[in-house]
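Per-entry structural report
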Amino acid sequence: MSELITRLSPEDEYTHEPDKAQNYNESMYFNVFDHNSKMGGWFRLGNRPNEGYAEMTCCLYLPDGRIGFMFSRPRIENNEAMKAGGMEFSVIEPFKKLKVSYKGKILLLTEPKQMLDPSSAFKSNPSVDCEVDLNIEGISPMFGGETVKKDGTSLDLDPEKSFSKAHYEQHISGSGSIRVNEEKWDINGYGLRDKSWGPRYWQAIEWYRWLTINISEDIGFMFSIVHQGEGKERRGGMVFKDGEYELITDCHIESEYDEDTCQTHLKAWGKTEKGEYEVKGKVLSLIPLRNRREDPNGNMLNTRIAEGMTEYTYNGQTGYGMSEYLDQIIDGKPVGP
């Protein structure tokens, strides 16, 4: 097999020319949490230009435990911008400055677990006006990119089994405001962003555990365990420390769950060339989401993604971030550990 390299350029911050795969997806994601008010949210746009629509998600974790959530599949005609459904991501300066905005409706949930039955949740909770305006700045180096052959040519991927052909992440700061109905909060916090492009089905992975953590402006983590079945599992991530990334060469995550098999507490361990790290997490607020797709044989495939705003502790310090647990649902149960 040819030697592989990772390629990333400032141009990758912008949209790419879609390949021919029907399920081509280009997505950007941001999360930001204010450590003082203990609130924040995450925002995602996933363009699927060959299918004619985008996936737009806005999820807000309010200080009193309520969650504001909205998902839509607005129609798009091309892949020229990350702008759909009232949400827009703008690149001001690649790798350094971006902007997140959303203006539209949001479902206000006092009991976020109601999203286990989305149809009922949308019927029984109010949709109110929402406006998000956040300035994003990169506070770390870039992590990741597109894996290509040494001669620069792309890898041959099976679109049916692909989750993405390129992926990168970065720890960030975020400042601005969030308004939900008549309530408004100023935001000054930290988070993580990512971007990916290439063929994607949410069902291409059996399960994963993704932890994004900001302890302070100077210390952050990302832990990732991706189980693709057939004995294939990737464990990695990075430690953001002293302005640099230490790559995690091995990690494990121990989790506790509630009666709905949603994570409540966790302990993450990671190893780099410079040492070992342990971070503990307590989920403050969680919303269970799902993605469904019918396969060519008419079988309904069901993916659950449990999205938890999580309080993390490391070395006596407290920070915030996300714990995102994706599982395929088989016989009514998530398949992950």
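A few points on the structure.

The rules behind the values
- Residues numbered from 1 in each chain as written.
- Predicted model: local features only at pLDDT ≥ 70, side-chain atom pairs only at ≥ 80, totals over all residues.
- Heavy atoms only, no water.
- Helix = DSSP H or I, 4+ residues; strand = E, 2+ residues; numbered from the N terminus.
- Rg over C-alpha atoms; globule rule 2.2 N^0.38 Å.
- Buried < 20%, exposed > 50% of the residue type's maximum accessible area, 1.4 Å probe, protein only.
- Contact = heavy atoms within 4.5 Å.
- Areas by Shrake-Rupley, 256 points an atom, 1.4 Å probe, with all protein chains shown as cover.
- Lys, Arg positive; Asp, Glu negative; His and termini not counted.
- Charge placed at Lys NZ, Arg CZ, Asp CG, Glu CD.
- 1 Å grid on protein atoms, 1.4 Å probe; cavity = no way out; pocket = protein on both sides within 12 Å on 5 of 7 lines; lining within 4 Å.
- Points joined across faces, edges and corners; volume = space filled by probe spheres on them.
- Nonpolar A, V, L, I, M, F, W, Y, C, P; charged D, E, K, R; others polar.
- Core = buried A, V, L, I, M, F, W, Y, C linked by side-chain atoms within 4.5 Å.
- Salt bridge = Lys/Arg side-chain N within 4 Å of Asp/Glu carboxyl O.
- Pairing = 2+ DSSP bridges.
- Phe/Tyr/Trp six-rings, centres within 6.5 Å; stacked < 30°, edge-to-face > 60°.

This brings us to the overall build of the protein. A tally of helices and strands in the protein yields one helix and 22 strands. For 337 residues, the compact-globule estimate of 2.2 N^0.38 gives 20 Å, and the protein sits close to it at 19 Å. Its C-alpha atoms give the protein principal-axis dimensions of about 55 × 50 × 45 Å. The buried share among the 337 residues of the protein stands at 52%. Long-range contacts, defined as pairs at least 24 residues apart, comprise 59% of the intrachain contacts of the protein with a sequence gap of at least 6. Of the roughly 15600 Å² of accessible surface on the protein, 45% is carried by carbon and sulfur atoms. Considering the protein, the positive charge centre built from 40 side chains and the negative charge centre built from 55 side chains are found 2 Å apart.

A word on the layout of surface pockets. The space that makes up the second largest pocket amounts to roughly 220 Å³. If you go around the second largest pocket, you meet 15 residues; those closest to its centre are L116, N302, R304, I329 and G332. Listed by contribution, the elements that provide at least two residues to the lining of the second largest pocket are strand 19 (275-294), strand 20 (300-314) and strand 22 (333-334). The dominant element in the lining of the second largest pocket, judged by the number of residues it contributes, is strand 19, at three residues. When grouped by side-chain class, the residues that make up the lining of the second largest pocket number seven nonpolar, three polar and five charged.

It is worth spelling out the nonpolar core at this point. F30, F43, L60, F89 and V180 are the most contacted members of the largest nonpolar core, which totals 33 residues. When neighbours within four sequence positions are excluded, F30 is seen to be in contact with G41, W42, F43, F89, L98, V100, I136, I172, L192 and R193. With 27 residues, the next largest nonpolar core counts M115, A121, L192 and F240 among its residues.

The subject of this paragraph is the environment of G145. Secondary-structure assignment places G145 in strand 10 (residues 143-149). C-alpha of G145 to C-alpha of L134: the two residues are 11 residues apart in sequence and 25 Å apart in space. With residues up to four places along the chain from it excluded, the contact list for G145 reads T6, R7, L8, A166, H167 and Y168.

A few words on the pattern of salt bridges. Applying the stated criterion across every chain, the model contains 18 salt bridges. Residue R48 pairs with E51 through a salt bridge whose shortest N-O separation is 3.2 Å. Take R48: its relative accessible area is 2%, and that puts it in the buried class. One salt bridge in this structure joins R66 and D64, with 2.8 Å as the shortest N-O distance. Each of R44, R48, E51 and E55 takes part in salt bridges that share partners, so that together they form one network.

On to the pairing of strand 8 (residues 97-109), then. Summarising the sheet, strand 5 (residues 67-72) and strand 8 pair through three bridges and their orientation is antiparallel. Its bridge partner lying in strand 8, G68 is registered against L108. Bridge count for strand 7 (residues 87-93) against strand 8 is six bridges, and the pairing is antiparallel. For E88, the partnering residue across the bridge sits in strand 8 and is S101. The turn linking strand 7 back onto strand 8 is made up of three residues, and F95 within it adopts a positive phi angle of 70°.

Inspection of every chain in the model, using the stated rule, returns 13 aromatic pairs. Taking the centre distance of 5.1 Å and the plane angle of 70° together, the rings of F221 and Y314 count as edge-to-face. With F221 in strand 14 (residues 219-229) and Y314 in strand 20, this residue pair connects regions lying 93 residues apart in the sequence. Y314 sits in the buried class, given a relative accessible area of 13%.

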